[in-house]
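Here is what each chain is made of, one letter per residue.
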Amino acid sequence: MSKLFGFSGDDDFCPGGSIYPNPKESSLFLSLGHHVDVYFPPRKRSRISAPLVFTEKFERKKEVSIEVLPDECLFEIFRRLPAGQERSACACVSKRWLTLLSNICRDEFSSNSNIENLKPEEKVTENKAEDQEIESDGYLSRSLEGKKATDVRLAAIAVGAASYGGLGKLSIRGSNSTRRVTDVGLRAIARGCPSLKVLSLWNVPSIGDEVAKNCPNLTDLTIESCSKIGNEGLQAIGRCCSNLKSISIRDCPLLGDQGIANLLSSTSYVMTKVKLQALNITDVSLAVIGHYGKAITDLVLVGLPNVSERGFWVMGNGHGLQKLKSLSITSCRGVTDTGLEAVGRGCPNLKQFCLRKCAFLSDNGLVSFAKAAAALESLQLEECHRITQFGFFGILLNCGAKLKALAMVNCLGIKDLNLGLPLQAPCKSLRSLSIRNCSGFGNASLAVLGKLCPQLQHLDLSGLQEITDAGFLPMLESCEAGLVKVNLSGCVNLTDKVVSSLAEMHGWTLEMLNLDGCQKISDASLVAIAENCPLLSDLDLSKCMITDCGIAALANANQLNLQILSVSRCYLITDKSLLALGKLGQTLVGLNLQHCNAISISTVDLLVEQLWRCDTLS
């Protein structure tokens, strides 16, 4: 004890001398044993959680932790982990370990470093783990939306997907407002998931030009509303992604002609699908497509305000779109008669063509296109208001022998006129005709149409309020092949006579009939359907004037096998139809009873319980 009291100078455990004037006062110390002495203050509680042990020298022990190792040492440890499960377990320890593991490329893992020193049975296990990683062809799909889209989650996906077949498809929609997805997260995916084939980015503003670097197996890329991706990003994609087959780009303000040109020129022989929407590109990009699009089979152009008539003309005369089969153009002011004719001539194998909201296209350009596109099988026109009857019937008279489907939607330029067209060469190849919401289409046009298209099987005349029985009946008589699907929804002037004639003439082939909104249809039509339509499976009678007698007629049919029945807003159907609906329900998979106010809730509950296999809407 005298040696302890004699501390002074450099050996003082409390510099500056003794704490108390009389350090030898015995009341200031408490003996805990014959070899340990501990000091306690006289009036205050000790702030020391454990007693300090003094020997000849003062020592403070430090805890040993792997966290004291620098990143370089942890990197060397992690790259020697044997398989994906061990790496996933280590990634769960901390964000630091997760970040380090996600920054290790696949080829940097040294799985064979110690295999020579293993026992034979351990070698087999090690080889199996290695084979599992080599065969990671990308079978997993991952999707991040909103708050879940962060760099940390992408790093976790990059590390964890390797042990379960590899990541093949990744979609990111939106981003966390505080911890956004950046190029750091995508770099982790690129390092850890070289098997990635499909990448979709929607509304991710923090991602820049690192979008697809180091992803050599990428085949499908979608970029939408990514404000920081520019021309350099597309150039990198063209250099690194030599297997890219499909690209879809929408609303990226920094992208221009340079990026599109570099991308398409680099992938000229592999790119098959291209979609460009709401971009600041000009005629130059369309010229590049027309020259380098040698493998393109599907092309979609939407909302390109800076593309003029010259761009479409150059694209058609570039002679590079020889394999193009499907073309869709929407809201492009550059589509004119001259440009469209050039496209028809430059795409000899074009089979499907869709044109929407192109206000400067007229009848002459449409007819010239129909003459040039000899391989055309499907044509759809929507909101092209300069197209009239001359253009519509000009297509049918001048199209090739392969046209099978024709659709016109909301084309307000069509007026019902007696044109006196020649009928020497009817369009016998046409099987499907859809004329929807073209308010000027009436009986005169319908009668001519039946003679021009005798082999129709699918007919859609929804929203044509001007047609009546006088125009529709001659068309029914002209159809020789037998109608299979008929949609007459919104044809408010058609009566039971039309439905009865349709059932008698084409009941042996009819499978789908839509009479939604035909207010003049009554029980007489249902009687004709029950007697003549054994193949009918889908029937829509919404807002028709049918009663319980009509439902009973359908239920008593011998050969009718309905699967889908809709009687929505049929206010004359009451609880008396419970038995008939129950009988029909033996074959039904879908029943719509919405807004049938005369049917009580208890009846509906009984039907739902009885028709437990049927999806009932009430």
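Residues numbered from 1 in each chain as written. Predicted model: local features only at pLDDT ≥ 70, side-chain atom pairs only at ≥ 80, totals over all residues. Heavy atoms only, no water.

Going by the annotation in an unreviewed UniProt entry, the name recorded for the protein chain is F-box domain-containing protein, with Castanea mollissima given as the source organism.

Caption draft 1: Up close: the overall build of the protein chain. Counting its regular elements, the protein chain contains 21 helices and 21 strands. Out of the 618 residues in the protein chain, the part that is buried amounts to 47%. Put simply, of all contacts in the protein chain between residues at least 6 apart along the chain, 78% involve residues at least 24 apart. Only carbon and sulfur atoms are counted for the fraction: they give 51% of the accessible area of the protein chain, which is about 31,200 Å². (Helix = DSSP H or I, 4+ residues; strand = E, 2+ residues; numbered from the N terminus. Buried < 20%, exposed > 50% of the residue type's maximum accessible area, 1.4 Å probe, protein only. Contact = heavy atoms within 4.5 Å. Areas by Shrake-Rupley, 256 points an atom, 1.4 Å probe, with all protein chains shown as cover.)

Caption draft 2: Region of the structure containing a positive patch on the surface. On the surface, a cluster of positive charge is made up of K325, K351, K402, K404 and R431. Mapped onto the fold, K325 is located in the loop between α11 (309–317) and β10 (326–330). Exposure remark for K325: the relative accessible area of 44% places this residue in the partly exposed category. (Patch = residues over 30% accessible without salt bridge, like charges linked within 9 Å, V, L, I, M, F, W, Y side chains within 5 Å. Salt bridge = Lys/Arg side-chain N within 4 Å of Asp/Glu carboxyl O. Lys, Arg positive; Asp, Glu negative; His and termini not counted. Charge placed at Lys NZ, Arg CZ, Asp CG, Glu CD.)

Caption draft 3: A look at the side chain of S246. Residue placement: S246 occurs in strand β7 (residues 246–250). Beyond its immediate sequence surroundings of up to four residues, S246 is in contact with T219, D220, L221, M271 and K273.

Caption draft 4: Region of the structure containing the packing of aromatic side chains. Following the criterion strictly, the structure yields three aromatic pairs and no others. For the pair F392 and F393, a centre-to-centre distance of 5.1 Å together with 75° between the ring planes defines the contact as edge-to-face. Its relative accessible area of 1% is what places F392 among the buried residues. Above the plane of the ring of W202 lies R173, whose end atom (NZ or CZ) is 4.1 Å from the centre. (Phe/Tyr/Trp six-rings, centres within 6.5 Å; stacked < 30°, edge-to-face > 60°. Lys NZ or Arg CZ within 6 Å of the ring centre and 35° of its normal.)

Caption draft 5: Here's a closer look at the environment of A528. Inspection of the secondary structure puts A528 in helix α18 (residues 523–532). Residue A528 is classed as buried on the basis of its relative accessible area of 9%. C-alpha separation for the pair A528 and E504, spaced 24 residues apart in sequence, amounts to 7.5 Å. When neighbours within four sequence positions are excluded, A528 is seen to be in contact with S500 and A503.

Caption draft 6: The arrangement of the packing of helix α12 (residues 337–346) against helix α13 (residues 363–372) in detail. At a minimum axis separation of 8 Å, α12 and α13 run at an interaxial angle of 5°. As far as their axial angle goes, α13 and α12 are roughly parallel. Packed against α12, whose contacting residues are D337, L340, E341, G344 and R345, the element α13 presents N364, G365, S368, F369 and A372 at the interface. Here the residues of the contact of α12 with α13 are counted per class, giving three nonpolar, four polar and three charged. (Axes fitted to C-alpha atoms, helices over the stretch in contact; angles between N-to-C directions. Parallel < 35°, antiparallel > 145°, perpendicular 65-115°, else oblique. Nonpolar A, V, L, I, M, F, W, Y, C, P; charged D, E, K, R; others polar.)

Caption draft 7: Representation of unusual backbone geometry within the structure. At D251, a residue that is not glycine, the phi angle is positive and equals roughly 55°. Within the secondary structure, D251 sits in the loop between β7 and α9 (257–266). We classify D251 as partly exposed; its relative accessible area is 39%. Phi at K357 is positive, roughly 50°, even though this residue is not glycine. Residue position: K357 is located in the loop between β11 (352–356) and α13. The class of K357 is partly exposed, set by a relative accessible area of 45%.

Caption draft 8: Quick look at the pattern of salt bridges. One pass over the structure, following the stated rule, counts five salt bridges. Residue R436 pairs with D460 through a salt bridge whose shortest N-O separation is 3.9 Å. Taken together, the positions of R436 in strand β14 (residues 432–436) and D460 in strand β15 (residues 458–460) put the pair 24 residues apart, joining distant regions of the chain. Take R436: its relative accessible area is 27%, and that puts it in the partly exposed class.

Caption draft 9: Seen up close, the environment of N437. Within the fold, N437 resides in the loop between β14 and α15 (443–452). Spatially, the C-alpha atoms of N437 and V409 are 6.0 Å apart, while their sequence positions differ by 28 residues.

Caption draft 10: Summary view of helix α10 (residues 283–292). When α10 is considered as a whole, its buried residues turn out to be D283, S285, L286, V288, I289 and G290. Residues of α10 that are buried sit in contact with α9, β8 (273–277), β9 (298–302) and α11.

Caption draft 11: Highlighting the pairing of β11. Pairing of β10 with β11 involves five bridges; the strand directions are parallel. Looking at β11, one finds that L327 is bridged to F353. The β-α-β motif built from β10, the intervening α12 and the parallel element β11 has right-handed crossover chirality. In this sheet, strand β12 (residues 378–382) lies alongside β11 in parallel orientation, the contact comprising five bridges. Directly across from R356, in β12, lies its bridge partner E382. In the classification by handedness, the crossover that spans β11, the intervening α13 and the parallel β12 is right-handed. (Pairing = 2+ DSSP bridges. Right-handed = clockwise from strand over helix to strand, strands pointing away.)

Caption draft 12: Structural context of the state of the cysteines. Throughout the structure, instances matching the rule amount to zero disulfides. Distance from the sulfur of C479, which forms no disulfide, to the nearest cysteine sulfur (C453) is 8.4 Å. On the basis of relative accessible area, C479 is assigned to the buried category, the value being 8%. Note on C518: no disulfide assigned, nearest cysteine sulfur contributed by C544 at a separation of 5.7 Å. On the basis of relative accessible area, C518 is assigned to the buried category, the value being 1%. (Disulfide = S-S within 2.5 Å.)

Caption draft 13: Region of the structure containing the pairing of β8. Bridge count between β7 and β8: five bridges; the pairing is parallel. If you follow R250 over to β8, its bridge partner there is Q277. Taken together, β7, α9 and β8 constitute a β-α-β crossover, and its handedness is right-handed. With five bridges connecting them, β8 and β9 associate as parallel partners. Within the sheet, the bridge partner assigned to K275 lies in β9 and is V300. The handedness of the β8 to β9 crossover, carried by α10, is right-handed.

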